[in-house]
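Residue-level listing of the chains:
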Amino acid sequence: MAFLAYISASISGRNGASLAAAFTANAARSAGASSRRSLTNAAAVAFLNRDLRGGVSSAVLSNANRLSSRTASTTCSAGSITALRQSTAVASDLEKNLGVSHPAYDIISTDIVNEFGAYCTLYRHKQSGAELLSVSTDDDNKCFGITFRTPPSDSTGVPHILEHSVLCGSRKYKTKDPFVQLLQGSLQTFLNAFTYPDRTCYVVASQNTKDFYNLINVYSDAVYHPRAISDPMVHAQEGWHLELEDVSAPLTYKGVVYNEMKGVYSSPDSLLQREAQQSIFPDNTYGVDSGGDPVEIPNLSFEQFADFHAKFYHPGNSRIFFAGDDDVMKRLEIMDEYLRDFGPSPESKPASTIQWQQKKFEEPKKVRQPYPAGADQPETHMTMINWLLNDRPLTPVEEITVTVLDHLLMGTSSSILRKTLMESGLGDAITGGGLMSELMQGTFSVGLKGVAPDNVDKVEELIIETLEKVAEEGFTEDAIAASMNTIEFDMREFNTGSFPKGLSLMLGSMREWIYDRSPTEALKFEEPLSELKASIAQSGPKIFQDMIREFMLENNHRTTIEMYPSKTLEEEQLKAERERLSKIKESLSEEQLQAIIDNTITLKKLQAAEDPPEARATIPKLDLSDLKREVTEYPIEVIENEANSGVTFVKHELGSTSGIAYANLAVDVSGLPLEDVPLLPLFTRIMMETGAGDLDSVALSRKIGMHTGGVSVAAMLSGVNKEGQPEGVVGTGEYLVSKILITGKSTADKIDELFSIFDLILRDANLDAKSKIIEILREARSEKESTVQGSGHAIANARIRSRYNVMGYINEKMSGVSSLDTVKALLKQAEDDFPSLLARLENIRNTILNKNTCRNGMILDITGDSAVFEKIQPSVVKFLNQLPGDSNGAKLQNFYTEPHPWAKQAKEEMDANAPLADEGFVVPTQVSYVGKGGRLYSEGERVSGSTAVVSRFLGTGYMWDNVRVIGGAYGGFCQFQPRDGVFSFLSYRDPNLAGTIDVYDGASDALMKSVEEMEKDPEALATAIIGAIADMDGALSPDQKGSVAFKRWLARESPEQRQRYRDEVLNTKPSDFKEFAERLKALKDPSSAVVSSKSAFEDAAKAGKAFTLKDVM
């Protein structure tokens, strides 16, 4: 049942859009997961930019500091969704994998998890004691993972630093960083490691069997035989070290994890969650920070670091996981090669046992701590109540019950606790987010940020009063039905997006397995779900009322955290660090200082040195012959004027979508004036959150919950290829389509309900909702401020791109740093002159639903299987013909031959609003996010597919080595977009600013030197090509396949151009690297955008890097 933790994480906008991100969302928000994920390329930007509260981090992050326009809700019966119902032949083949024997292993148990078509055998390695779960599924995206139970006793971050370090070379694989070599030249679909408060996971996945085995071997050797435990330089690089290059200079701390955690500890949300977790767990391992406190990290010695590996990384303390369609015997044989090096270690598991935190508080506790605030930031507080829910294992029925209860209380904008808090006016945004159940003991946290000091106590009072009311009155029947259906739909659909299904199965099973309970029982939900339904049928909401009383109202083991603003905290922390380092330096002799200088020089030489050929030869590789040469095309059929409706119907008929229809209704918004475009994010949220027609916000949310698999609304801009212009050339950004995209999914028998919701929110969303709109805008302001502070790389990238291209400029207006000013202005307008804002909103709706033209700009896009399309066709015809507008109305302009109506004004505004200048955005932070970019290709120039190879090579090589390894930043990457010709460098949680820009400026020379290497070493070139192909060939879910095909068609991108681009990638030559380097050297109109602290900008100015500064907070 613990798998529900990962299911529930995908439910509702507060947790992101899909189960694909569920493990990360949960880990990041509450389990303190840290990720070694490479932050070196465009994919990394997306990874950090997901709706995960600023990405994966090593401290406990806020789960719900944002409420998106998505209301993920569902309905289903057991017969409606047909996911994972295999043919008899497939099931028979999988069943043969049960109980496969190998002389090195004992079989502990076999099991079939029918819910996911998973045939499971649990083994124990006879010699080492390692446990191995072999899961056979009909899935070619094969997944492997090793998890160790790693409870820390302090906040030095040793499990986190070790997680980074074990992948820096091993007994068999001799390079400095095999992780990077795999990243550069593997077809991996997942390559990562992450640290929880009590476990460390190492995970790989690939659709290519040869590649999969390569990944398994490198990771297995890394965790069991790492170079790091015998080489202090690895600990110094990844963890921390004292750095000194001249005896007269001040000492500094450097280290990847050290700087990563300084970034985490700069986030008020992270600090709040840290205080919450540590306050609720005073007596066990969850009371310390496994990611590491920057103040404590320098207390970790190399000897303690190595001892931690010896204690916790024995195979007897590991859980090994396989899932997919690969051969079971091969799995066992590969792992035996590593496990047989070890004898038994009966003390390993007992030594890592997690102790229960007993509920022992006689009365609730309160904690007050400061958070860093900007000079002009409002004097508002953050407050959150936290409960320790259980000090015993929950039953499967309790697990699912608390999951549904969490959704009832917090899952959507209409859930009673969330709604009550937001409508109270006591704060700007929700924090805490409710249930966290990934660890041995569950917690429930909820509160508000943006709270006036006088209202702090009122927030706690309101939370308790609301829970008391629910415990007394219960939940309505339709509220329970909506939440139950939401969770059931998600479980049955099992949509993990582009993330491996095996990864979700592993993390779900690990929630029980890591605590020595059954890994397969953790994945089953049918029986406890049926029991919960029976209980509800018999006693209504009583089971939820009883749980609220037991776990919350009658539970004194709770804490209330209050975070108050300090405008001096950032400087105090910097001063404390300087004083600490100064005292250290004063205590050292000349010989000791020279030793630090020598070590600094030695470390930098090692970091900058190339791996010798014999070391590189140890890394297993693929060949170019292992690559698929043809582009994967997805089905698409375009029917203009479907059923004489005037609307275009786009169909994607796939082999199976498990009885689910994935629908998008695109509505043109090009008629809006450009000054109202920044209102679209607000308008789309209103469509979802204020009610529509006769339905208030609660009724609308429940209707969505009871009948669909989720509905969301968002603005979409898509650049298009101009008719008559050759494909693959850089455009002006003036040719684009602009839409509002209403997205939803349902089973085929519920398609009429889905369409009725689409129609309702499009025509009749309640725009005259002053209090709710003010609430939305306050929350949006809070969210955007958090984004600037925690995801400054994305802010910098958007700002850079806004200077060179019309579409980039418009995108930045809607979602970049300038949109924060827009939100503030809209909030003032809503508070002071709501009728004028209402008029603007009404004009948006009237314009996009213009009777004469709107149908011509509408597109209905549906992905389904043949049975789905057969069933829904009558409903499609009915829906299209009842949409607003005239089926015989006028046509809009041709966006493929004429510039978009916004283009002219946008170009005029760009000089004033997006100047080619070096801009600095000042926030309270201990790290920097450094961006620099410019035009690599000019308008009209043709861009070769080889640019994808070179750009990726630069990101995973030079940028990784110099920004991350040598510079100490958590991430360094670059991004090139062929459509606009703009290239950008970016860093993430960077201790440097001016030095990082110097690294960027040296990239062209470094790339030119690589040309010689490519000419001498064809394998190096092949590796770069393979890595680029991996980015193009990720695994996709059915809805993603439809989405890819739709966007390709919308852009008018031809299959021939896609194949030509892929051929150019596959045929990349050293000369392509040379051309790219020459262009980079002559980058046109370069400019920078940096998010950092005032003191960092002052230091940069002293180093000759001056910026035009703006205070953001």
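All residue numbers refer to position in the chain's written sequence, counted from 1. Note on the predicted model: pLDDT of at least 70 is required for a residue's local features to be given, and 80 or more for side-chain atom pairs to be given and counted; whole-chain, interface and lining totals, by contrast, use all residues. The basis for every side-chain value is the complete set of heavy atoms in the structure, and neither hydrogens nor water enter the calculation.

### Side note on the overall build of the chain
For step 1, the next point in the chain: By definition, any uninterrupted DSSP run of H or I lasting at least four residues is a helix, any uninterrupted run of E lasting at least two residues is a strand, and each is numbered from the N terminus. Each helix and strand in the chain was counted, giving 41 helices and 27 strands.
For step 2, the next point in the chain: Its C-alpha atoms give the chain a radius of gyration of 28 Å, within 12% of the compact-globule value 32 Å for 1113 residues.
For step 3, the next point in the chain: When the backbone C-alpha atoms are referred to their principal axes, the chain occupies close to 85 × 70 × 65 Å.
For step 4, the next point in the chain: Counting every position in the chain, which comprises 1113 residues, the buried fraction comes to 65%.
For step 5, the next point in the chain: The criterion used for residue contact is that any of the two residues' heavy atoms lie within 4.5 Å. Within the chain, contacts between residues at least 6 apart in sequence are counted, and of these 83% link residues at least 24 apart. Two things to know: the radius of gyration comes from C-alpha atoms, and the globule rule equals 2.2 Å times the number of residues to the power 0.38. Type-normalised accessible area, obtained with a 1.4 Å probe on protein chains alone, sets the label of each residue: buried when under 20%, exposed when over 50%, and partly exposed for intermediate values.

### Notes on the environment of Asn141
For step 1, the next point in the chain: Along the chain, Asn141 falls in the loop between strand 4 (131–136) and strand 5 (142–149).
For step 2, the next point in the chain: For Asn141 and Ala830, which are 689 residues apart along the polypeptide, the C-alpha to C-alpha distance reads 49 Å.
For step 3, the next point in the chain: For Asn141, the contacting residues outside a window of four places in its chain are Thr189, Ala205, Ser206, Gln207, Ala323, Pro500 and Ala1035.

### Topic: the pattern of salt bridges
For step 1, the next point in the chain: Salt bridge, as used here: a side-chain nitrogen of Lys or Arg that lies within 4 Å of a carboxyl oxygen of Asp or Glu. If you walk through the whole model with that rule in mind, you get 76 salt bridges.
For step 2, the next point in the chain: Residues Arg392 and Glu550 are paired through a salt bridge, measuring 3.5 Å at the closest nitrogen-oxygen approach. Placement of the pair is Arg392 in the loop between strand 12 (381–388) and helix 14 (396–410) and Glu550 in helix 20 (residues 542–553), with a sequence separation of 158 residues.
For step 3, the next point in the chain: Arg392 sits in the partly exposed class, given a relative accessible area of 32%.

### Quick word on helix 39 (residues 1055–1066)
Within an α-helix, residues lying three or four positions from one another point in the same direction, as the helix has 3.6 residues per turn.
For step 1, the next point in the chain: One less than the number of residues in a helix, times 1.5 Å, gives the span that helix is expected to have. For helix 39, which comprises 12 residues, the first-to-last C-alpha distance of 16 Å matches the rise-based estimate of 16 Å (1.5 Å per residue) to within 8%.
For step 2, the next point in the chain: Considered for burial, the residues of helix 39 that qualify are Gln1057, Arg1058, Tyr1061, Arg1062, Glu1064, Val1065 and Leu1066.
For step 3, the next point in the chain: Taken together, the buried residues of helix 39 touch helix 34 (946–966), helix 37 (1018–1032) and helix 38 (1038–1050).

### Examining helix 6 (residues 178–185)
For step 1, the next point in the chain: Taking burial as the measure, the 8 residues of helix 6 include 8 buried ones, the bulk of the element.
For step 2, the next point in the chain: Here helix 6 has its buried residues at Pro178, Phe179, Val180, Gln181, Leu182, Leu183, Gln184 and Gly185.
For step 3, the next point in the chain: Lining the buried residues of helix 6 we find strand 6 (188–195), helix 7 (209–224), helix 34 and helix 37.

### Remarks on the sheet that holds strand 14 (residues 443–451)
For step 1, the next point in the chain: Here, any two strands with at least 2 DSSP bridges between them count as paired. Read from one edge to the other, the open sheet built from 5 strands follows the order 11-15-12-14-13, with strand pairing classed as mixed. Each edge of the sheet is formed by a strand with only one pairing partner; in this case those strands are strand 11 (365–372) and strand 13 (429–436). Taken over all neighbouring pairs, the strand axes of this sheet differ in orientation by 15° on average, direction set aside.
For step 2, the next point in the chain: In terms of strand pairing, strand 12 meets strand 14 through 8 bridges, oriented antiparallel. Its bridge partner lying in strand 14, Trp387 is registered against Phe444.
For step 3, the next point in the chain: Lying on the sheet, helix 14 is in contact with strand 13 and strand 14; it crosses strand 13 at an angle near 170°. A fitted line through C-alpha atoms represents every axis, and for helices the fit uses only the stretch in contact; the resulting angles, taken between N-to-C directions, go from 0 to 180 degrees.

### Topic: the nonpolar core
Side chains of nonpolar character tend, in soluble globular proteins, to be buried together.
For step 1, the next point in the chain: Core analysis: the largest hydrophobic core is formed by 80 residues, its most contacted members being Phe444 and Phe544.
For step 2, the next point in the chain: The element that contributes the greatest number of residues to this core is helix 16 (residues 456–473), accounting for 8 residues.
For step 3, the next point in the chain: When neighbours within four sequence positions are excluded, Phe444 is seen to be in contact with Ile385, Asn386, Trp387, Leu389, Asp406, Leu409, Met410, Leu417, Gly434, Leu435 and Met552.
For step 4, the next point in the chain: Among the nonpolar cores identified, the runner-up in size contains 77 residues, and Ile161, Val257, Met335 and Phe342 belong to it. Residues belong to one nonpolar core when they are buried, are Ala, Val, Leu, Ile, Met, Phe, Trp, Tyr or Cys, and are joined through side-chain atoms within 4.5 Å.

### A word on the pairing of strand 17 (residues 648–654)
For step 1, the next point in the chain: For strand 17, a buried count of 6 out of 7 residues is recorded, marking the element as mostly surrounded by other parts of the structure.
For step 2, the next point in the chain: Sheet analysis places strand 16 (residues 637–639) next to strand 17, joined by 3 bridges and oriented antiparallel. Following the sheet pairing, Glu637 is matched in strand 17 by Lys651.
For step 3, the next point in the chain: By the bridge criterion, 7 bridges tie strand 17 to strand 21 (residues 859–865) in an arrangement that is parallel. Residue pairing for strand 21: Thr648 is matched across the bridge by Ile859.

### Examining the sheet that holds strand 21
Pairing between the strands of a sheet is mediated by backbone hydrogen bonds and can be parallel or antiparallel.
For step 1, the next point in the chain: In space, the 6 strands of this open sheet follow the order 16-17-21-18-20-19, with mixed pairing throughout. Each edge of the open sheet is held by one strand with a lone partner, namely strand 16 and strand 19 (711–719). Neighbouring strand axes in the sheet, compared pairwise and without regard to direction, differ in orientation by 20° on average.
For step 2, the next point in the chain: Alignment of strand 18 (residues 660–668) against strand 20 (residues 736–747), held across 9 bridges, turns out to be antiparallel. The partner of Val667 across the bridge, within strand 20, is Ile740.

### Here we look at the pairing of strand 19
For step 1, the next point in the chain: Burial runs high along strand 19: 7 of the 9 residues are buried.
For step 2, the next point in the chain: Examined bridge by bridge, strand 19 and strand 20 share 9 bridges and lie antiparallel to one another. When the bridges of strand 20 are listed, Ala715 appears paired with Ile740.

### Observations regarding the packing of helix 7 against helix 12 (residues 328–339)
For step 1, the next point in the chain: Here helix 7 crosses helix 12 at 25°, and the two axes come no closer than 10 Å. The orientation of helix 7 with respect to helix 12, classified from their angle, is roughly parallel. In the packing of helix 7 onto helix 12, the handedness of the crossing is right-handed. In contact with Tyr213, Ile216, Asn217, Ser220, Asp221 and Tyr224 of helix 7, helix 12 contributes Lys330, Ile334, Met335, Glu337, Tyr338 and Leu339.
For step 2, the next point in the chain: By the convention adopted, Pro, Cys, Tyr, Trp, Phe, Met, Ile, Leu, Val and Ala count as nonpolar, Lys, Arg, Asp and Glu as charged, and the other residues, Gly among them, as polar. A breakdown of the residues in the contact of helix 7 with helix 12 according to their chemical character gives 7 nonpolar, 2 polar and 3 charged. Geometric relationships in this document are graded by angle, where less than 35 degrees denotes roughly parallel, more than 145 denotes roughly antiparallel, 65 to 115 denotes roughly perpendicular, and other angles denote oblique. The crossing is said to be left-handed when, going from far helix to near helix, the turn is anticlockwise and less than a right angle, and right-handed when the turn is clockwise.

### Examining the side chain of Lys739
For step 1, the next point in the chain: In this fold, Lys739 is placed in strand 20.
For step 2, the next point in the chain: Within the structure, Lys739 has its side chain in polar contact with the backbone oxygen of Gly857 (distance 2.7 Å).
For step 3, the next point in the chain: Apart from residues lying up to four places away in sequence, Lys739 is in contact with Ala666, Val667, Asp668, Val669, Ala714, Ala715, Met716, Gly857 and Ile859. In protein, a polar contact requires one atom able to donate a hydrogen and another able to accept it; more generally it is a pair of N or O atoms within 3.5 Å, and residues adjacent in sequence count only if both atoms are side-chain atoms.

### Topic: the packing of aromatic side chains
For step 1, the next point in the chain: Two rings belonging to Phe, Tyr or Trp (six-membered ring only in the last case) form a pair when the distance between their centres is within 6.5 Å. Interplanar angles under 30 degrees mark stacking, angles over 60 mark edge-to-face geometry, and anything in between is tilted. Using the criterion set out here, one finds 34 aromatic pairs in the structure.
For step 2, the next point in the chain: Measuring from centroid to centroid gives 6.0 Å for Phe148 and Tyr224, while their planes differ by 85°, and the two rings are edge-to-face. With Phe148 in strand 5 and Tyr224 in helix 7, this residue pair connects regions lying 76 residues apart in the sequence. Residues Phe148 and Tyr224 agree in their burial class; the two are buried.
For step 3, the next point in the chain: Measuring from centroid to centroid gives 6.4 Å for Phe976 and Phe1076, while their planes differ by 80°, and the two rings are edge-to-face. With a gap of 100 residues between them, Phe976 in strand 24 (residues 971–977) and Phe1076 in helix 40 (residues 1070–1081) connect regions that are remote in the sequence.

### Re unusual backbone geometry
For step 1, the next point in the chain: Even without glycine at this site, Asn644 takes up a positive phi of about 55°.
For step 2, the next point in the chain: Mapping Asn644 onto the fold places it in the loop between strand 16 and strand 17.
For step 3, the next point in the chain: Since its relative accessible area comes to 57%, Asn644 is described here as exposed.

### Some thoughts on a negative patch on the surface
For step 1, the next point in the chain: Without a salt bridge and with relative accessible area above 30%, a residue can belong to a patch; like charges are then joined within 9 Å and nonpolar side chains (Val, Leu, Ile, Met, Phe, Trp, Tyr) within 5 Å. Where accessible areas are quoted, they stem from the Shrake-Rupley method and a 1.4 Å probe; at the residue level, only the protein chains shown are allowed to cover. Asp and Glu are treated as the negative residues and Lys and Arg as the positive ones, with His and the ends of the chain left uncounted. Taken as the charge centre is NZ of Lys, CZ of Arg, CG of Asp or CD of Glu, depending on the residue. A contiguous patch of negative charge on the surface is contributed by Asp457, Glu461, Glu465 and Glu468.
For step 2, the next point in the chain: Among the residues examined, Glu468 registers a relative accessible area of 44% and is labelled partly exposed.

### What about the environment of Tyr970?
For step 1, the next point in the chain: Tracing the chain through its elements places Tyr970 in the loop between helix 34 and strand 24.
For step 2, the next point in the chain: The class of Tyr970 is buried, set by a relative accessible area of 2%.
For step 3, the next point in the chain: Distance from Tyr970 to Leu767, taken between C-alpha atoms, is 43 Å for residues 203 residues apart in sequence.

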